[in-house]
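The chain contents come next:
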Amino acid sequence: MIKKFIITGMLCLVATSLHAQKKTLGINLQSKEDTTVSPIVKEKVEEYASKINAIIQEEKKLMEAELVILQAKNLEKTEFDKQKAQIADTFSQKIDQKIEALGFDLDQVIQKQVRYSLLNSDVTSNEELKAQLLKKYRPTKNLEGYFSYGIMTFTNDKPDNDLDKNVGYANNLEFGLKFNYQFSRTSPWGLISGLGFSWRTVRPDNNMIFTKQNNEVMLSKYEGSLDKSKLRTGYLMVPFGFQYNFSKLKTAGMDVQYRPYSEGLRIGANVYGGIKMSTNNIVKGDSQSFRDRSNYQVNPFVYGAQFTVSYDNVSVFVKRDFSNFFKDSYFENDKALVFGVALGW
C-alpha cells in the first residue's frame, strides 16, 4: 500500500513540475519563429517584402530591356560600362522612390514587436496593453512540487526512557505539492497549503532493535552483529499557514505593479496534520533479519507547527510535533523535532 502512495506522489510531483516549467523552459511544439515574432509583425513584414520584390522584378525587366538596346549599339567597352552604370543608377533611384512611396512605418512595427515580446500577444491600444499586463501579472495561485529532508530528534520533559537513551540517527524525508495563494498582486502575504508524504525513520543505537511482546513495543538488545535497524513510518501530511515575502514591488509598465511571490527572501509559518499510512520495522544482522509491517504503536495521527525561511527556491525549516511519536504510554512524551532543508517550498 505504501509503495502505491509513494509512486503516485512522485508521478504527481513530476507532472506538476513539468507543467510549471513549460514557460520557464520554453517547452512547446511550435516553431521558434512562431513564438518569437508577432503574427501581425510577421504579416506586415512579409507583405512589405512581397511589394518590394514586385517593384524590383518590374524595374529589373525594364532595365534588362534597356541593356539589350545598349548592347545593340556595339559601343567600346569603356563607354559601354559607363552607360551601363548610369542605367543601373537610374533604376536604383526609381526603385528607392517606389519603395519609399509604400509608406512602411518601421517604428510602428518595432513597437508592435516589443509589445509582443513582453506579452506574447498583439495589442492595438494602451487599454489592451494594460489589460494584458494585468492578466499576465495576476496574483500567484498555483501548485508546485517540493522536496525536503531533515534531521530528526526527540524532545522530552520527563525522565529519559529507553528510546532517549538508545536513539541513534533519525530523519524525516518528505515530498509533495504546495499550494500558493497570494492575496493580491502587490501583497507580500500569501496562504500556503498542500498535500505531502512524510517518511520518518528512527534508527536505534547501541545494538538495539524494536521488538514486541504481547503487542507491547520495547527496545531489546540484538544478539549478534547488527547491520541495520530502523523503524520507518509513512504519513500523509496536510500543511496550512501563511507566508510573507520581503521582495520589493516591481513595475510592469502602464502603472501596473506586482510583487514576485516565489522570489527573494520569504518567511512562513504553518501548522500541519497527518495520518499514518504504514509502519515498517527493518532489521538485518547475522543472527536474524526481518521486515515487520505490523503495529508498533506509532501514533496514527500527527500534528505540529513549522517555521520556514526561504530564498528563491531553497528553504531551511524547523518543525516540531505537538503529538507524541508513540501513542499511549510507549516511550512517553517523546515528540519529534526536525531541522532541515527544502527545495520548492
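Residues numbered from 1 in each chain as written. Predicted model: local features only at pLDDT ≥ 70, side-chain atom pairs only at ≥ 80, totals over all residues. Heavy atoms only, no water.

1. Points about the pairing of strand 9 (residues 265-285)
Then comes step 1: Bridge count between strand 6 (residues 226-245) and strand 9: 19 bridges; the pairing is antiparallel. When the sheet's bridge partners are listed, K228 is paired in strand 9 with K284.
Then comes step 2: Where strand 9 and strand 11 (residues 301-311) come together, eleven bridges link them in antiparallel fashion. When the bridges of strand 11 are listed, I275 appears paired with F301.
Then comes step 3: Alignment of strand 9 against strand 10 (residues 290-292), held across three bridges, turns out to be antiparallel. (Pairing = 2+ DSSP bridges. Helix = DSSP H or I, 4+ residues; strand = E, 2+ residues; numbered from the N terminus.)

2. Let's talk about the pairing of strand 5 (residues 216-221)
Then comes step 1: Bridge analysis of strand 4 (residues 208-213) against strand 5 gives six bridges, and the strand direction is antiparallel. Pairing of I209 across the sheet is with S220, part of strand 5.
Then comes step 2: Linkage of strand 4 to strand 5, two consecutive antiparallel strands, is achieved through a turn of two residues, within which N214 is found at a positive phi near 55 degrees.

3. Describing the pattern of salt bridges
Then comes step 1: In this structure the tally under the stated criterion is eight salt bridges.
Then comes step 2: Residue E58 pairs with K98 through a salt bridge whose shortest N-O separation is 4.0 Å. With E58 in helix 4 (residues 39-72) and K98 in helix 5 (residues 77-101), the pair connects residues that are 40 residues apart, well separated along the chain.
Then comes step 3: Using a relative accessible area of 31% as the deciding quantity, one classes K98 as partly exposed.
Then comes step 4: Each of the salt bridges in this network shares a partner with another, and the network as a whole consists of E58, E59, K94 and K98. (Salt bridge = Lys/Arg side-chain N within 4 Å of Asp/Glu carboxyl O. Buried < 20%, exposed > 50% of the residue type's maximum accessible area, 1.4 Å probe, protein only.)

4. A look at empty space enclosed by the protein
Then comes step 1: Using the criterion set out here, one finds two cavities of 30 Å³ or more in the structure.
Then comes step 2: Considered as a void within the structure, the largest cavity measures approximately 120 Å³ in volume.
Then comes step 3: Contributing to the lining of the largest cavity are Y146, S148, E174, M237, P239, N270, Y272, Q306, F317, K319, A342 and W345.
Then comes step 4: Secondary structure elements with two or more residues in the lining of the largest cavity: strand 1 (141-155), strand 6, strand 9 and strand 12 (314-321).
Then comes step 5: Of the residues belonging to the lining of the largest cavity, the class tally is seven nonpolar, three polar and two charged.
Then comes step 6: Of the pockets and cavities examined, the second largest cavity occupies roughly 40 Å³.
Then comes step 7: Looking at the second largest cavity, the residues that line it are K178, I192, Q243, I267, G268, T308, S310 and W345.
Then comes step 8: Mapped by element, the contributors of at least two residues to the lining of the second largest cavity are strand 9 and strand 11.
Then comes step 9: Of the residues that constitute the lining of the second largest cavity, the class distribution is three nonpolar, four polar and one charged. (1 Å grid on protein atoms, 1.4 Å probe; cavity = no way out; pocket = protein on both sides within 12 Å on 5 of 7 lines; lining within 4 Å. Points joined across faces, edges and corners; volume = space filled by probe spheres on them. Nonpolar A, V, L, I, M, F, W, Y, C, P; charged D, E, K, R; others polar.)

5. With respect to the side chain of E59
Then comes step 1: Within the secondary structure layout, E59 lies in helix 4.
Then comes step 2: Accessibility expressed as a relative area gives 1% for E59, which makes it buried.
Then comes step 3: In terms of polar contacts, E59 uses its side chain to reach the side chain of K98, at 2.6 Å. (Polar contact = N/O pair within 3.5 Å; in protein donor to acceptor, adjacent residues only side chain to side chain.)

6. Observations regarding the nonpolar core
Then comes step 1: Ranked by size, the top nonpolar core spans 28 residues in total, and within it L163, V202, F210, F325, F326 and F331 carry the most contacts.
Then comes step 2: Put simply, the parts of the chain that give this core at least two residues each are strand 1, strand 3 (189-204), strand 4, strand 5, strand 6 and strand 13 (335-343).
Then comes step 3: Not counting residues up to four positions away in its chain, the partners in contact with V202 are M152, F154, L163, V167, Y169, A170, F210, S229, K230, L231 and F325.
Then comes step 4: Judged by nonpolar contacts, the second largest core, of five residues, contains L67, L70, I87 and F91. (Core = buried A, V, L, I, M, F, W, Y, C linked by side-chain atoms within 4.5 Å. Contact = heavy atoms within 4.5 Å.)

7. Side note on the confidence of the model for the protein chain
Then comes step 1: In this model, the protein chain carries a mean pLDDT of 83, and residues with pLDDT of at least 70 account for 81%.
Then comes step 2: Confidence drops under a pLDDT of 50 for residues 1-34, and excluding neighbours within four residues, the segment shows 29 contacts in the predicted structure. (pLDDT = per-residue confidence, 0-100.)

8. Here we look at the packing of aromatic side chains
Geometry of an aromatic ring pair is reported as the spacing of the ring centres plus the angle between the planes.
Then comes step 1: Evaluated as defined, the whole model comprises 14 aromatic pairs.
Then comes step 2: With 6.1 Å between their ring centres and 75 degrees between their planes, F240 and F242 make a pair best called edge-to-face.
Then comes step 3: Overall, the relative accessible area of 42% leaves F240 in the partly exposed class.
Then comes step 4: Each member of the aromatic cluster is reached from another via a ring pair, and the members are F154, F210, F325, F326 and F331.
Then comes step 5: Here the guanidinium or amino end of K212 rests over the ring plane of Y296, the centre of that ring lying 4.9 Å away. (Phe/Tyr/Trp six-rings, centres within 6.5 Å; stacked < 30°, edge-to-face > 60°. Lys NZ or Arg CZ within 6 Å of the ring centre and 35° of its normal.)

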